[in-house]
Amino acid sequence: MSYQALYRVWRPQRFDEIVGQSIITRTLKNALITKQTSHAYLFTGPRGTGKTSAAKIFAKAVNCHYLKDGEPCNQCETCKAINEGSLNDVIEIDAASNNGVEEIRDIRDKAKYAPTQADYKVYIIDEVHMLSTGAFNALLKTLEEPPANVIFILATTEPHKIPATIISRTQKFDFKRIKPQDILERMEYILDQKKVEYDDKALKLIAKAAEGGMRDALSILDQAMSYGDNKITYENALLVTGSVTNELLTTYIEQVVNKDTKSALITIQKILDEGKDASRFIEDLTSYCQDILLYQQDPGIVEEMELGIIDDKFKKLSGQISDQEIYQIINELNDISNSLRYTAHPDVYLEVLTVKITHLDDAPKPKAAGTAAPQPAPQTTVTPQVTTEIQQLTQEVAKLKSELDTLKQAPTTETTTISTPEPAKPSVDAHTMDNHIELAKIYPILGKATRKQLNQFKEVWPDLMKALSVTQRAVMHVSSPVAASAGGVIVAFEYPFLYQKAQGDTDLKDALENNLDRIVGKAPQIVFVPENQWPDIRKEYLTNHKDKLKKAVSKNTENADPKVDSADDEPDNPTEGDPESQPVVKKAAEIFGTDILDIKDD
Amino acid sequence: MEHDIVNVAQTKQPTIFAQFMNLVKNNELSHAYLFTGEDGAGQFSVAMGVAMRLFCTNVQNGVPCGKCSECVRIMNYDHPDVVITKPDGQSIKVDQIRHVKSEFTKSAMEGSKKVFIISEAEKMTTGAANSLLKFIEEPTGNVVSFLISKNRNLVLPTIISRTQVVEFPSLSKKLMVAELQSSGVKPSEVNLMISITNSLDQIKAWSKDDWFASTQKLLEKWFTYLVKGNAMAMPFIQMSLMPLITNKDRQRIVISMMLSLFDDVLETKYGTLSSDRVKYPGILAETKQAAVEWNNDQILAMLDELLDMNGSMAVNVNFQNIIEALTLKILAIGQS
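Keep in mind that this is a model prediction, so the values were computed, not measured.

The rules behind the values
- Residues numbered from 1 in each chain as written.
- Chains lettered and ligands numbered in written order.
- Predicted model: local features only at pLDDT ≥ 70, side-chain atom pairs only at ≥ 80, totals over all residues.
- Heavy atoms only, no water.
- Helix = DSSP H or I, 4+ residues; strand = E, 2+ residues; numbered from the N terminus.
- Buried < 20%, exposed > 50% of the residue type's maximum accessible area, 1.4 Å probe, protein only.
- Contact = heavy atoms within 4.5 Å.
- Polar contact = N/O pair within 3.5 Å; in protein donor to acceptor, adjacent residues only side chain to side chain.
- Buried area = accessible area lost by both parts, 1.4 Å probe.
- Salt bridge = Lys/Arg side-chain N within 4 Å of Asp/Glu carboxyl O.
- Nonpolar A, V, L, I, M, F, W, Y, C, P; charged D, E, K, R; others polar.
- Axes fitted to C-alpha atoms, helices over the stretch in contact; angles between N-to-C directions.
- Parallel < 35°, antiparallel > 145°, perpendicular 65-115°, else oblique.
- Left-handed = near helix turned anticlockwise from the far one by under 90°.
- Pairing = 2+ DSSP bridges.
- Phe/Tyr/Trp six-rings, centres within 6.5 Å; stacked < 30°, edge-to-face > 60°.

Student: Go over the environment of H79 of chain B, please, and point to the residues and values.
Tutor: Residues and elements named next belong to chain B. Assignment of secondary structure puts H79 in the loop between helix 4 (69-75) and strand 2 (82-85). Given a relative accessible area of 4%, H79 falls into the buried group. Taking C-alpha positions, H79 is 9.9 Å from V115, a pair spaced 36 residues apart along the chain. Those residues in contact with H79 that sit more than four places away from it in its chain are F55, E70, R73, I74 and E110. Of the polar contacts made by the side chain of H79, one reaches the backbone nitrogen of D81; its length is 3.0 Å.

This is how it looks when you write it as C-alpha cells:
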C-alpha cells in the first residue's frame, strides 16, 4: 500500500470525530435515534469542513443495525463495506463530471429499485453546484418524493448556485469554518497518535494558515512532516505555508510607521528575492493590520485568535500607530490585492504600495503630518498650538464684537426699503446713471447663491438662447448668468444700453422665464444687472453682510470657549493660518465658486 | 535539451528536488501536488524528474539515470503511464480532462503506478477543474498527480485544499546572471531581461536576434524625451517604436520593459538601486535626473498609468493607442 495523505487516513468515521460542527452532528444523531431522518439533505459550507465525511457517516448510520447513540458501529458488515466503498446501495456521485440531464435520468430510473443489501439506498451527490440547470430540474420530482428507502445527500461548497426549488425540498445544514483552536487540537491528537514530534508554534501557524479547513490543515501538516523527516518545526511550517515570518512583517510595518521608505523598499526586495508569493505577503500584511486594529480595541480577542503568539514589538506597534493610518493602509492593500491577481509584475506593485503607504499622511492632511508622525499626538492634553489658537480666537471675538456694535448703529441712518440692511444702495446709485438696479431682488438671490446652481444655468444658457426670437437673442447675446440660487438667477449685460433695453422689455423676461421652465423644470426669478457694476454690487453685498457672517463666527468661538481643553474641537474652529476656512471667504467661495476666488490677505 | 531534465531540476531547485527524491525513496509521496511559482522556476522539470525516479530501472545515488529506456520514454512523452496535459490553445478543455479522467480510472499499463502532470493548471476551465476534484481527492490505486500553475490564486480553492502546495522560489538572480553572461548575453541587457522573465530559454531566444537590444535602445531614447518634457516622445512611438512591435507577445514585453524603466526611476529616487541591478545602464544620467525632477506623487501617478496598461491590453485596446495615451499622460504628469 502506498503512502496515504493524512486527510484520507484520518477522515472521520464517527460523528464524534467531526470537529467543530457539534450542532450539525447532534441534530443528525438525534434524527437517527428518533428515526426521523429526512429523505433529502443539503450540506453546504467551505472546503474541508466535513461535508463529505458527514454524508458518508450518515450513510453508514442509517444502514447500521448496531447503532449506538446515533453513531455507526464501524464493525458490522455494512459499515465495513461502506468504508471500503464496496456497498452497492451507497452511491457516491461526482456531480462535476456527471452534470448532465442524462446522468440524473439514470439516477432517477435506478432509484426506483429497492436497495439490494442494506436498508436504505443512499445517493451522495458531491459538488452538486456543478449540475446543469436541466439536471437540477430533472432531479426536482425525485427529490421531492423519492421512492421508499431512498435518501439523497447533496454536498456543495457553493450553495448560492443551487436553485431555490432544490433547497426548499431538502434539509439544509450549513457547515461552519472550523476554529483554529479546534484544528490545533485535532492536529495535536493526530500527531500524538502517529508519535511525531512537533513544535507548538508550527502547529499554531498551520492552524491559522488553514483558514478553517481541516483538509487544508492536514495537507499542510503532511507536507511539513515530509519536509522535516517526521518532525514538525516552525521553519518547515513557514516554508510550507509560504508565510512571511512575523519578524519580517513587524520590521516592515515598523518601517512604514516610521515613514522610512528606503528601508521598507529594501525589505520588500528581500522578501521577493526569497521567492515569497506577493499576494500571500499582502494577505499576511492585511491580517497583521487587522490584528493591530483589533488589539487596540480589545487585546483579548487577538490573543485568542492568534493562539497566543504576540510579541512585545507587536504590542509596541499597536500603541504607536493610529487607527486612521491602519484604515488607509488596509484600503491600499485591498486595492493592490485585486490588481495582483492578474499581473506579471508583483514587484512593481509592491514597490508602489510601499511608497504609497509610507507617504500616507502627506496627501490628506498636510498640516497634521508634522505633529502626527511618527507618534500620534496625545489626545487629551492641550498642545501649545491649540493654546495659541485659542488666544487668537478670543482676540478675534473681542474685535468682532466691537465691530458688530458699530454696525448695529449704522443701519438706522441708511435704512432701505427692503429686508436686509443695505447701506450700499446710495453708493451704487451714485454711479449708475439712474438705472434702478433691483438690489432688493439681487440680495436674496446672492444670499442663497451656490456655484452649482450657476453652473447649471450656464450649461442651459445656449439652449435658452436658441429658444428666443431673433430680436430677443440679439439683446441677450452679450449677457451671461453670473450668480444663481434655487429661486433666482442674476444676468449681467456687457453694455449698459442693452441692459436698459432688456430691463424695460417684459416680453423678454416672460420668454426667458417660460423657456427656463421648459428646460430646467423651474421658473426662477430673473434679475438683470449691467456687467460694469456687477463687481461693485458683489463687493457691497459682502461688506454689508459681513456682520451676519461674523455673527456666525462669534457663535462658533463662544461655543468653543467652555471646552477649550479638549482638542476635539480643534477642527471646528477657524484658524488664522488658513484663509480658506474663514466664514467670509467661505461664503464668498460658496457664491462664486472656489475656482474664481483669489484670496488676498489685507 | 530533453536529456538534461534531471540536471535542470537539480540546478534550478536543488532543495525541492532532493526533497522529492527523498520522498520517493521513503515511499511517502502523497497523491496530489500543486507546484506554484513563476515561469521557468523548474516546476515541470521537477515533476518529470519525480516521474522518472518512479520508473527508472537504474537509479543512481537516488537520482534517475536519464539513460534507461523508461527514462528516455518519459522524456520523449512516450510513456503510457505518465500522462501529460498541456493547455490546448487558451485553456485546458473538459475534453482533455475527460481523457485524463479515463486514464485515472484505468490501472497502469506497465508498472503499478501512474503519474499525471497537468501544466498551466490555472488554464483549466471551471468545468474541467471541478470534474477533477473527486479524482484528486481520493484516486484509486497508486497514482501521483502534479498540477503546475503560475499563480496559486487562479487555481480553484477546492483543488488547493486537496493538494500539497509546493511553492517554487524564483531562481536566484546571481545564478541567472552568471548563466546568461556565460551564454553570451550582453551585460547591459541581462538585468532588464531578468526583471521581465525567469525563463532562461526565453531569454536565450530573445538574445538570438537583436530585437531586444534595439527595443531597449529605443525605449531609452523615448525616456530621454519624456524626462525633458519633449513632446517628440509622442511621434517617436509612431516613427520608431511601432515598427518593431509586430505581435502580441512583443507588446507585452514592451510593456514590461517600460515598467522596468520606471521602476529604475522609483528605486533611484529612494536610493535602493544598487549598481549591479540597474536595468537601463545606458541612461543612468537621465534616470537620476528624472528622480530629482519628478516628485514622489508624480512617479507614483506614472507607475499607476503604466500598471493600468495591462488592463487596457486585456480588453483589446489598440496597442499604439495605449502607449501613445500613456506618453501623453506621462508628459502631462511630468509638467504638472
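Let's pick the thread back up.
Student: Describe the interface of chain B and chain A, and please don't skip the residues or the numbers.
Tutor: Frequently, the measure chosen for interface size is the accessible area that the parts lose on association. The interface of chain B with chain A comprises 52 residues on the first partner and 55 residues on the second. Summing the contributions of chain B and of chain A, the shared interface buries around 4,600 Å²; its carbon and sulfur component is 47%. Interface area lost by chain B to chain A is led by K134, S161 and Y270 of chain B, which between them contribute 13%. For the interface between chain B and chain A, the tally reads two salt bridges. Among the salt bridges present, the one from E127 of chain A reaches R162 of chain B, with a minimum N-O distance of 3.1 Å. Along the contact surface separating chain B from chain A lie twelve residue pairs in polar contact (both at pLDDT 80 or more). When contributions to the side of chain B that touches chain A are tallied by element, the ones reaching two or more residues are helix 2 (14-25), helix 6 (126-137), helix 7 (157-160), strand 5 (164-167), helix 13 (248-269) and helix 15 (296-314) of chain B. Broken down by element, the residue count for the side of chain B that touches chain A peaks at nine residues, all from helix 6 of chain B. Along the lines of polarity and charge, the residues of the side of chain B that touches chain A split into 17 nonpolar, 22 polar and 13 charged.

Student: Let's hear about the packing of helix 5 (residues 101-111) of chain A against helix 6 (residues 133-144) of chain A: which residues, and what values?
Tutor: Residue and element names in this part refer to chain A. Relative to each other, helix 5 and helix 6 sit at 15°, their axes nearing to 8 Å. Looking at the two axes, helix 5 sits roughly parallel to helix 6. As for the relative orientation of helix 5 and helix 6, their crossing is right-handed in sense. Across the interface between the two elements, V101, I104 and R108 from helix 5 touch G134, A135, A138, L139 and T142 from helix 6. Of the residues belonging to the contact of helix 5 with helix 6, the class tally is five nonpolar, two polar and one charged.

Student: Could you give an account of the sheet that holds strand 9 (residues 488-493) of chain A, naming the residues involved and the relevant values?
Tutor: All names here are of chain A. Read from one edge to the other, the open sheet built from three strands follows the order 8-9-10, with strand pairing classed as mixed. Lying at the two open borders of the sheet, with one neighbouring strand each, are strand 8 (479-484) and strand 10 (525-530). For this sheet, the mean angle separating the axes of adjacent strands, direction not counted, is 30°. On top of the sheet, helix 27 (residues 534-544) reaches strand 8, strand 9 and strand 10; it is set at about 115° to strand 10, its chief contact.

Student: Break down unusual backbone geometry for me, with residues and values.
Tutor: One non-glycine residue, K195 of chain A, lies in positive phi territory at about 55°. Judged by its relative accessible area of 74%, K195 of chain A is exposed. Its identity is not glycine, yet E120 of chain B carries a phi of approximately 50°, on the positive side. On the secondary structure map, E120 of chain B appears in the loop between strand 3 (113-118) and helix 6.

Student: Let's hear about the pattern of salt bridges: which residues, and what values?
Tutor: Residue and element names in this part refer to chain A. Under the definition given, this model contains 22 salt bridges over all chains. E211 is paired through a salt bridge with R47; the nearest N and O atoms lie 3.4 Å apart. Of the two residues, E211 is situated in the loop between helix 9 (200-209) and helix 10 (214-227) and R47 in the loop between strand 1 (40-44) and helix 3 (51-63); the sequence distance between them amounts to 164 residues. Given the relative accessible area of 16%, R47 is considered buried. Residue E325 is joined to K259 by a salt bridge in which the shortest nitrogen-to-oxygen separation is 3.6 Å. Of the two residues, E325 is situated in helix 17 (residues 323-340) and K259 in the loop between helix 12 (246-257) and helix 13 (261-273); the sequence distance between them amounts to 66 residues. Given the relative accessible area of 10%, E325 is considered buried. Salt bridges sharing partners connect three or more residues here, namely R14, D16, K29 and E71.

Student: Requested: an account of the packing of aromatic side chains, with residues and values cited.
Tutor: What the rule picks out here adds up to 26 aromatic pairs over all chains. For the ring pair F493 of chain A and F528 of chain A, a centre distance of 5.1 Å and an interplane angle of 80° mean the geometry is edge-to-face. Of this pair, F493 of chain A sits in strand 9 while F528 of chain A sits in strand 10; the two residues are 35 residues apart in sequence, bridging distant segments of the chain. By the burial criterion, F493 of chain A is buried, and F528 of chain A matches it. Seen from their ring centres, Y33 of chain B and F146 of chain B are 5.8 Å apart, and the 15° between their planes marks the pair as stacked. Placement of the pair is Y33 of chain B in strand 1 (residues 32-36) and F146 of chain B in strand 4 (residues 142-149), with a sequence separation of 113 residues.

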